[in-house]
Amino acid sequence: MKGIIYFVVGLLFISSFAALGVGKKVVVNEKYPNLLGGEYDMVIIAPAKFSSTLNKLIDHKNSVGINTILKTTEEIYDEYTGVDKPEQIKYFIKDALDTWEIKYVLLVGGMKSYLYGVSRDDINQGSKSWYVPVRYCNNIDDWEPGFISDLYFADIYDSEMNFSSWDSNEDGIYAAWGIPSVENDVLDLYPDVYVGRLPCRNKIEVSIMVKKIIKYEMTLADPTWFNKMVVVGGENWNDPGTDWLEGELVCNKALSYMPEFSAVKIFASNRDSGGLVPTKKDIKKTVSEGCGFLLFSGFGNPFNWNTHWPGDFETWTGGINCYHLPMLSNKEKLPICIIGGNCLSQFNVTLLATLRNDPFMHTMGVPISECFSWRLTRKINGGSIATIGATGASYGLIGNMYDDIDGDGIDDPDCVEGYNGYITREFFDIYNQSVDILGETWGGTITKYIDTWPDTWDEIDSKTVQEWVLFGDPSLKIGGYP
Ligand SMILES: [Ca+2]
Ligand SMILES: [Ca+2]
Ligand SMILES: [Ca+2]
Ligand SMILES: [Ca+2]
């Protein structure tokens, strides 16, 4: 049984155990065995103003056999009804799944402005200031009163093949969990389509991403850089007796699934040996040389990824932040980045809101116009081709209270076996099973996570999968086409 001792940026919460039966398991490929027989494979959802910029991407996708169609948000609002705009979008996706048997959904649009805007119109949605709206989950704790979930747009059906509305009790509060006097919603969560988002704020960003994706896929990656996996980790929590370096353990577990890749470890524990350590200088230098995969496991906020030196919980190694990203010079050698830590993919930030230190912007007053993960992804001349991380706080187990709780036959440290550490490492487990279309790796990881704890499911498990967002093309062929 999994216990619930988890940490958020150094704060300890102890929660009572809660369980949710997730019902019959529905796996995408079992449910839709004839996907290739459909008329379209992918639908792109974007505002009309991005249409012309997306044409090249659509042509390219069709040329590599991913039949792709664009549907504008304006058309969807005209043609589909729903409680709010996110639900209208979701009903369109359901229709596209039913009619065309689509497999992938690419949302192109974030907030409209870098400078200001309403990130959350009401408890359930962000729409007014957004090119493509977002659903907020009302899975709350002391740290934050909800967070964005694009998994909402992927979980179309529940196990009974009913529309998975995420407001199962129809009380008008979506994905509720942990609100006093409010009944929790029962969610299926299993993805039925693979959803990625490019939270672009203007046509320039759309154009950057279209060029990056086309160039990446049209060139089979050179193994001299692609077959490198760069991992970055260090000390997270004080666990007297075990004294593990949790971030490094998660990285090592992920590497164990990637035998074909050469490991480059940027570890806090390398300090004494003079090896690479999680500082701006070493991260910049290493990533600039290019790698196929880049994994961070540690702490974060929308501005900054960071970790501690071994046994020293007062000082940070420095890590890397948004302001450093222009210095990355890896050009076309673009990794898939998986980033473990709080709020690094919290894509509702604006310059004004962070400058004012508005509630739940989480940057402690550091002004930024976009979150770390998106800044990394949409960077010109380098950065990543796609980034997967959390839109809200992420959680981990510490010490070794439990045996092999994830049931893989190995009693690893608990930090590797639960919550963010587990979902982070499992991406590589799924990729290693020849799942090399990015959205399928993302969706397969979420499915595996849900399958692993049917009997001890809790609100943190729910949050861990809900908040894990893919910034990138879900139909992306990892490593490019031959
Ligand atoms: Ca509800
Ligand atoms: Ca589902
Ligand atoms: Ca530790
Ligand atoms: Ca295990």
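Residues numbered from 1 in each chain as written. Chains lettered and ligands numbered in written order. Predicted model: local features only at pLDDT ≥ 70, side-chain atom pairs only at ≥ 80, totals over all residues.

So, the pairing of strand β19 (residues 386–390)
- Of all 5 residues that make up β19, 5 are buried, and the element is covered over most of its length.
- Covered by surrounding structure in β19 are Ala386, Ile388 and Ala390 together with Thr387 and Gly389, the residues of both alternating faces.
- The pairing of β19 with strand β20 (residues 468–471) spans 4 bridges and is antiparallel. Paired with isoleucine 388 across the bridge in β20 is leucine 470. (Buried ≥ 20, exposed ≤ 12 C-beta atoms within 10 Å, placed from the backbone. Helix = DSSP H or I, 4+ residues; strand = E, 2+ residues; numbered from the N terminus. Pairing = 2+ DSSP bridges.)

A word on the environment of lysine 128
- Following the sequence through the fold, lysine 128 ends up in the loop between β6 (125–126) and β7 (134–137).
- On the neighbour-count criterion, lysine 128 (15 C-beta atoms within 10 Å) is partly exposed.
- Measuring from C-alpha to C-alpha, the distance between lysine 128 and glycine 241 comes to 51 Å, with 113 residues separating the pair along the chain.
- When neighbours within four sequence positions are excluded, lysine 128 is seen to be in contact with Val118 and Asp121. (Contact = placed C-beta atoms within 7 Å.)

Here we look at the nonpolar core
- Membership of the largest hydrophobic core comes to 126 residues, with the highest contact counts inside it found for Ile93, Val105, Val108, Val193, Val231 and Leu295.
- Ranked by residue count, the leading element in this core is helix α12 (residues 419–431), at 7 residues.
- Leaving out residues up to four positions away in the same chain, valine 231 has contacts with Cys251, Ala254, Leu255, Ala263, Lys265, Ile266 and Leu295. (Core = buried A, V, L, I, M, F, W, Y, C linked by C-beta atoms within 7 Å.)

Re the sheet that holds strand β13 (residues 299–300)
- Strand order in this open sheet of 3 strands is β13-β14-β17, and the pairing throughout is antiparallel. Unpaired on one side and paired on the other, β13 and β17 (320–321) mark the two borders of the sheet.
- Pairing of β13 with strand β14 (residues 304–306) involves 2 bridges; the strand directions are antiparallel. Residue pairing in the sheet places phenylalanine 299 in a bridge with asparagine 306 of β14.

Things to note about the confidence of the model for the chain
- In this model, the chain carries an average pLDDT of 92, and 92% of its residues clear a pLDDT of 70 or more.
- Contacts of residues 1–37 to residues separated by more than four positions or lying in other chains number 64 contacts, the stretch itself having pLDDT below 50. (pLDDT = per-residue confidence, 0-100.)

Thoughts on the sheet that holds strand β8 (residues 147–148)
- Ordered by their spatial adjacency, 3 strands build an open sheet running β6-β7-β8, and the pairing between neighbours is antiparallel. Both edges of this open sheet fall to β6 and β8, since each of them pairs with a single strand only.
- Sheet analysis places β6 next to β7, joined by 2 bridges and oriented antiparallel. Of the residues in β7, the one forming a bridge with glutamine 125 is arginine 135.

Side note on the domain arrangement of the chain
- Looking at the chain, the domain boundaries give domain 1 (23–215) and domain 2 (219–432).
- Taken together, the contact between domain 1 and domain 2 spans 20 residues of the former and 19 residues of the latter.
- Secondary structure elements with two or more residues in the side of domain 1 that touches domain 2: β8 and α5 (203–218).
- Considering each element in turn, the side of domain 1 that touches domain 2 owes the most residues, 5 residues, to α5.
- Among the residues making up the side of domain 1 that touches domain 2, the classes are represented as 10 nonpolar, 5 polar and 5 charged. (Domains from an automatic or database assignment. Nonpolar A, V, L, I, M, F, W, Y, C, P; charged D, E, K, R; others polar.)

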